[in-house]
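# Tertiary structure, described
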Amino acid sequence: LLHHACKITLFTRDNCSLCDSAKLVLSHVWDKRPFEYTEVNVMEPSKEKWKIYEFDTPVIHVERSKSGLETTTAARKLMHRFKEIEVEKLMDEAE
């Protein structure tokens, strides 16, 4: 099992072009600095607690990798449009 220093959770929804852009940014970051990745569709009934992001997607949470623990609202966040350098800065802060 690979251990990565950071965990990134992407909060997304269907038919979200900004979310598609965010996935591309995260893919480029991954190529340089692999991380644990989880994707959450905020509109799924089982993800009700994340519906707070319904109008903010995409949102990412960046935090230290703590295997098994779900992300919390205390995580470092970026919303809407973000760049690779911003993601990497949060990764630096989280490690």
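Structure: see above.
In this text the structure is predicted, and so the values were computed from the model without any measurement.

Rules of the game
Residues numbered from 1 in each chain as written. Predicted model: local features only at pLDDT ≥ 70, side-chain atom pairs only at ≥ 80, totals over all residues. Heavy atoms only, no water. Salt bridge = Lys/Arg side-chain N within 4 Å of Asp/Glu carboxyl O. Helix = DSSP H or I, 4+ residues; strand = E, 2+ residues; numbered from the N terminus. Phe/Tyr/Trp six-rings, centres within 6.5 Å; stacked < 30°, edge-to-face > 60°. Buried < 20%, exposed > 50% of the residue type's maximum accessible area, 1.4 Å probe, protein only. Pairing = 2+ DSSP bridges.

## Here's the deal with the pattern of salt bridges
The tally for this structure, following the rule as stated, stands at nine salt bridges. Across the pair K32 and E84 runs a salt bridge, and its minimum N-O distance is 3.0 Å. Here K32, found in helix α1 (residues 17-32), pairs with E84, found in helix α2 (residues 84-94); they are 52 residues apart in sequence, far enough to count as distant. In the salt-bridge network here, residues are joined through shared partners; they are K32, R33, E84, E88, D92 and E95.

## Considering the packing of aromatic side chains
Counted under the stated rule, the structure contains five aromatic pairs. Plain terms: the ring middles of W50 and Y53 are 5.9 Å apart, the flat faces sit at 15° to each other, and that makes the pair stacked. In this structure W50 comes out as buried when scored by relative accessible area, which is 3%. One aromatic cluster is present, built from ring pairs that chain together F11, W50 and Y53.

## As for the pairing of strand β3 (residues 59-64)
The element β3 is extensively covered by neighbouring structure, given that five of its six residues are classed as buried. By the bridge criterion, four bridges tie β3 to strand β4 (residues 76-79) in an arrangement that is antiparallel. Of the residues in β4, the one forming a bridge with V62 is R76.

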